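The lines below spell out each chain.
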Amino acid sequence: MPWRTSLTRSPGRTDAARQHQGLRLALILVAAFMVVLDFSIVNVALPSIERELHITAATAQWVITGYAIAFAGLLILGGRAADLFGRRRMFIIGLIAFTVASLSGGLAHDPILLISSRVVQGAGAAIIAPAALSLITTSFADGQQRTRALGMYGATASIGFVAGQVLGGVLVQFTSWRAVFLVNVPIGLLAAFAAPRLLADSRAATAGRRLDARGALLITISMAALVFAVSQADASGWLSPSILAALAIFAGGVAAFVAAERRHDDPLLPAALIRRPALRTAGTINLLLGLWNGGEMLVLSLYFQQVLRDSPLATGLAIAPQGVIGFTAGATGARLAKRIGIRRVLILTGAIAAAGFVALTQLPSTGHYSPVLATVMLVGFGTAGTAFGTMVIATAGVPSEEQGVVGGVINTSRQVGAAMGAATLPAIAAAVGHDPIAATASGTRAAMLAGAMAAGLAALIAWRSGRTRRSAQPTVTRAPLPTAVAASPQLVAPRGNEVSSSRAGHEAHHARAYSSHRPPGLRDRVRYLAAPSPVGSLTAPAWRAHTWRGAERKRKGVAPGYGRAR
């Protein structure tokens, strides 16, 4: 029959689609690598920037702080803009802004121009990061395919952060500090050129929706003030007027933001999204991850160069195994999650990172490379695995029109944590080592102990979250519908891109209905029995039977509509 041939996909077409999907993912990963690389590559160049531009260390620090403030402050706004105005469009805009700012920074002969370029770079990165994550979550179906793509995304971020240490040392030692900025220019131009050809434009339905400008302004000011406070507290002191004023602006901005969001018809951060337990758990763990990761990199870099007297290149090479193992953890994370469940992955990786930090508390005070330093591989595995797991649980079950803002929230929590770690762990090292100028072995050991406590707390949070609810599963196996429903010829699911909006509404309703795993009581019975059918072809009795049987399966420990929960 003719209609059968239209549903048949030829092997050549399938292979071409798979190849296009691979190229699309590769482009997103290249952009993510460029953004993450820029975090650490500039740190190595700061001493050279000070000497050539004749500026103080405090002024040079604003090359880092300016980027961090713009990046963390604009992430949520960038995520919502991607949802409303198109993810591909915002991805390209971010790439162009980032590339132009990199060129300007590499050619700068004035500190004001350099710092301004870094602020624009941070703004461009704040647009790229949530757009890239939402492009992955909307391009790959929720399940094993998306989990594998998120694993590669986390692996790329892990190796990019450490690669910045190595590449920065090579470029500064053999060329100039300007090369750490100019290296982004060809990569950014190629990515911006390829994006319209590889990426499909996707956005949420914008009918009746508009960008919450007031909420965007308030959250941007609040996050920027918080990052400024934690970044400058070590230099200025927590009780200095500037830090206290920044913290007051943060508190006032958050209070005003909450009040404004409650009255807005289309809020920047919907209340239903913030109330999702999985997103809160992922945000908290990501905050701790940023704290131990951002602080560890800075403290270890100072330890290698000031205690062991290693060169910047040798420092980068010593830390490189952490990124390599981290890449392996991200690349194999999907298979591990399929075997043991995503919640156990978070517990395991948090515990492994904590074990690595505990081993680093035995760092030597003299000599050069020690076998103890090989334990950075444990930290790398735990860090990458935790980042992968938080992305999976945060994005699972979220409607496509909210994926951008979810990416903004997840990235914001990690960047705030990184700013806190970059301020807290060096402060701990300075206080224990009794030397506010140079790094000491005893201070570095104390900072590593603090990192172990943060990683252990992340593992504990992941464990506790599983005691109150089933965590999101990376792979799902759909159970058969009840006989009365399955027998209906009207319920044949469309394939591929032919999934209808009613099916999407069904899945969104399903995710909301089973977001909390409590034993069904009288209120739940009334809600399920009174629920209208979200799929037009389902009769009301059939839908009620389906939802009520799902509730009974949930009470017995089986995820409704899907295979047995882990």
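This text follows the structure it describes.
The structure reproduced in this document is the subject of the present report. (Residues numbered from 1 in each chain as written. Predicted model: local features only at pLDDT ≥ 70, side-chain atom pairs only at ≥ 80, totals over all residues. Heavy atoms only, no water.)

**Details of the pattern of salt bridges**
Side chains that differ in sign of charge can pair as their charged atoms come close. Enumeration according to the criterion identifies five salt bridges in this entry. With its nearest N and O atoms 3.0 Å apart, the salt bridge here joins R178 to E52. One end of the pair, R178, is in the loop between helix 6 (144-174) and helix 7 (179-182); the other, E52, is in helix 2 (residues 11-53), and 126 residues separate them in sequence. In this structure, D83 engages R87 in a salt bridge whose closest nitrogen and oxygen atoms are separated by 3.0 Å. For the pair shown, D83 and R87 are each scored as buried. Each member of the salt-bridge network shares a partner with another, and the members are R80, D83, R87 and E402. (Salt bridge = Lys/Arg side-chain N within 4 Å of Asp/Glu carboxyl O. Helix = DSSP H or I, 4+ residues; strand = E, 2+ residues; numbered from the N terminus. Buried < 20%, exposed > 50% of the residue type's maximum accessible area, 1.4 Å probe, protein only.)

**A few points about the environment of Y67**
Residue position: Y67 is located in helix 3 (residues 57-85). A C-alpha to C-alpha distance of 7.6 Å links Y67 and V120, two positions 53 residues apart in sequence. Among all residues touching Y67, those that are not within four sequence positions of it are V35, D38, F39, F98, R118, Q121, G122 and A125. (Contact = heavy atoms within 4.5 Å.)

**Looking at helix 9 (residues 213-236)**
With 24 residues, helix 9 extends 33 Å from end C-alpha to end C-alpha; this agrees with the ideal 34 Å at 1.5 Å per step. The axis of helix 9 is deflected most strongly, by about 30°, at V230. (Expected span 1.5 Å × (residues − 1). Bend = angle between axes of the 7 residues up to and from the residue.)

**Considering the packing of aromatic side chains**
Applying the stated criterion across every chain, the model contains four aromatic pairs. Ring centres of W177 and F181 lie 6.0 Å apart, and the angle between their planes is 90°; this geometry places the pair in the edge-to-face category. By relative accessible area, which is 3% here, W177 ends up buried. Arranged with centres 5.7 Å apart and planes meeting at 65°, the rings of Y303 and F304 form a pair that is edge-to-face. (Phe/Tyr/Trp six-rings, centres within 6.5 Å; stacked < 30°, edge-to-face > 60°.)

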